[in-house]
Amino acid sequence: MNTPATSVADYVSRAVGPIILFGPPGAGKGTQAKQIVERYGIPHLSTGDLLRENVKLGTALGQKAKAVMDSGKLVSDDLVNEMVAERLARPDCARGFILDGFPRTVGQAEWLDGFLSARGSKLPLRVLRIAVDQDKLFKRLTGRRTCPACGAIYNIYTNPPRVPDSCDKDGTSLTFRKDDSEEAIGTRLKAYENETLPLADYYRQRGILTEVDGDAAADDVSRQLFHALEKGEL
Ligand code: ADP
């Protein structure tokens with residue numbers, strides 16, 4: 001955004017460009033993506049959600065990805081890149097989009113660079129890193145519960161629903177992700193450290209990375225993210 005917007009309606013009508021929400025599993029990327037969607041009216045593209053949807057529908061991609069995902073490992077770059085390309089080609093991504101859980105490897109980041117330049121994107125890519133203390137991640141992940149109907153995210157320790165195991169919004173029974181088992185969480189955190197964390201340097205060197213404190217309360221984190229996007233810090 002070049003000149004300051006004056007109202008939320010103004011933000012919603014202007015182009016925002018591509019945004020990457022970057023951070024470890026459990027950093028709150030999904031929660032924050034919902035706030036960004038609401039403020040700017042651009043779509044949220046979570047590769048984890050898209051893959052889970054494919055598993056649920058039993059597509060060829062879902063069948064290939066299921067066992068890998070349940071174990072906490074990463075699905076291959078080719079499969080994920082193709083899925084992302086398909087989603088980004090839809091017209092709702094024209095003004096901008098939020099990538100959550102992608103790119104997750106240097107290979108995916110390089111592919112994204114090529115994809116964006118081939119499509120002639122004028123607005124710069126911006127990378128928002130949600131930094132969280134490693135020790136807190138385990139608790140956040142083991143405590144996570146989601147509503148399969150509306151997608152609301154809870155945490156039994158830090159943000160419990162009013163009635164245990166039941167969504168505040170629609171009363172649906174909350175579910176526990178299979179890859180939120182302790183063993184799979186260990187694998188996911190390791191995959192993050194080894195394969196995804198190097199991307200912080202990749203984007204920092206290009207001067208397009210900004211970091212926010214993800215240990216703060218969710219509302220504070222949103223304020224930091226809006227600030228970074230609107231004050232032209234990137
Ligand atoms: P989290 O970030 O909390 O680990 P996600 O919902 O983003 O969870 O992803 C769940 C799983 O889906 C990952 O552990 C991985 O197996 C797969 N996945 C999601 N995004 C990618 C990606 N960009 N590349 C490879 N695998 C992915």
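For the structure given in this document, a descriptive report is provided here. (Residues numbered from 1 in each chain as written. Predicted model: local features only at pLDDT ≥ 70, side-chain atom pairs only at ≥ 80, totals over all residues. Heavy atoms only, no water.)

One open sheet accounts for five strands, arranged 2-3-1-4-7; its pairing is parallel. This sheet does not close on itself; its edge strands, each paired only once, are strand 2 (44–46) and strand 7 (209–213). Taken pair by pair, the neighbouring strands of this sheet meet at an average axis angle of 25°, ignoring direction. The strands touched by helix 10 (residues 218–230) are strand 1 (17–22), strand 4 (126–131) and strand 7; relative to strand 7, the strand with the most contacts, the crossing angle is about 155°. (Pairing = 2+ DSSP bridges. Helix = DSSP H or I, 4+ residues; strand = E, 2+ residues; numbered from the N terminus. Axes fitted to C-alpha atoms, helices over the stretch in contact; angles between N-to-C directions. Contact = heavy atoms within 4.5 Å.)

With that out of the way, let us pick up the site of the ligand. Taken together, 19 residues form the shell around the ligand, and within it T47, K73, G101, Q108 and R188 come nearest. Residue T47 places a side-chain N or O atom 2.7 Å away from a nitrogen atom belonging to the ligand. A distance of 3.0 Å separates an oxygen atom of the ligand from a polar atom in the side chain of R104. Protein chains bury 97% of the 550 Å² of accessible surface belonging to the ligand in isolation. If you tally residues by element for the shell around the ligand, the top one is helix 3 (residues 47–57), at four residues. Classifying every residue of the shell around the ligand by side-chain character gives seven nonpolar, four polar and eight charged. (Near = heavy atom within 4 Å. Polar contact = N/O pair within 3.5 Å; in protein donor to acceptor, adjacent residues only side chain to side chain. Areas by Shrake-Rupley, 256 points an atom, 1.4 Å probe, with all protein chains shown as cover. Nonpolar A, V, L, I, M, F, W, Y, C, P; charged D, E, K, R; others polar.)

Two elements in contact, helix 7 (residues 134–142) and helix 8 (residues 182–196), have axes whose closest approach is 11 Å; the angle formed by their N-to-C orientations is 140°. Judged by the angle between their axes, helix 7 and helix 8 are oblique. In terms of crossing hand, the pair formed by helix 7 and helix 8 is right-handed. For the pair formed by helix 7 and helix 8, the contact residues are Q134, L137, F138, L141 and T142 on the first element and E182, I185, R188, L189 and E193 on the second. (Parallel < 35°, antiparallel > 145°, perpendicular 65-115°, else oblique. Left-handed = near helix turned anticlockwise from the far one by under 90°.)

Glancing now at the pattern of salt bridges. For the structure shown, the criterion picks out 16 salt bridges. In this structure, K66 and D70 form a salt bridge, with 2.7 Å as the shortest nitrogen-oxygen distance. With K66 and D70 both in helix 4 (residues 60–71) and four residues apart, the pair spans about one turn of that helix. What makes K66 partly exposed here is its relative accessible area of 36%. In this structure, D215 and K136 form a salt bridge, with 3.8 Å as the shortest nitrogen-oxygen distance. Of this pair, D215 sits in the loop between strand 7 and helix 10 while K136 sits in helix 7, placing them 79 residues apart in sequence. Where salt bridges share partners, they join R144, R177, D179, D180 and R188 into one cluster. (Salt bridge = Lys/Arg side-chain N within 4 Å of Asp/Glu carboxyl O. Buried < 20%, exposed > 50% of the residue type's maximum accessible area, 1.4 Å probe, protein only.)

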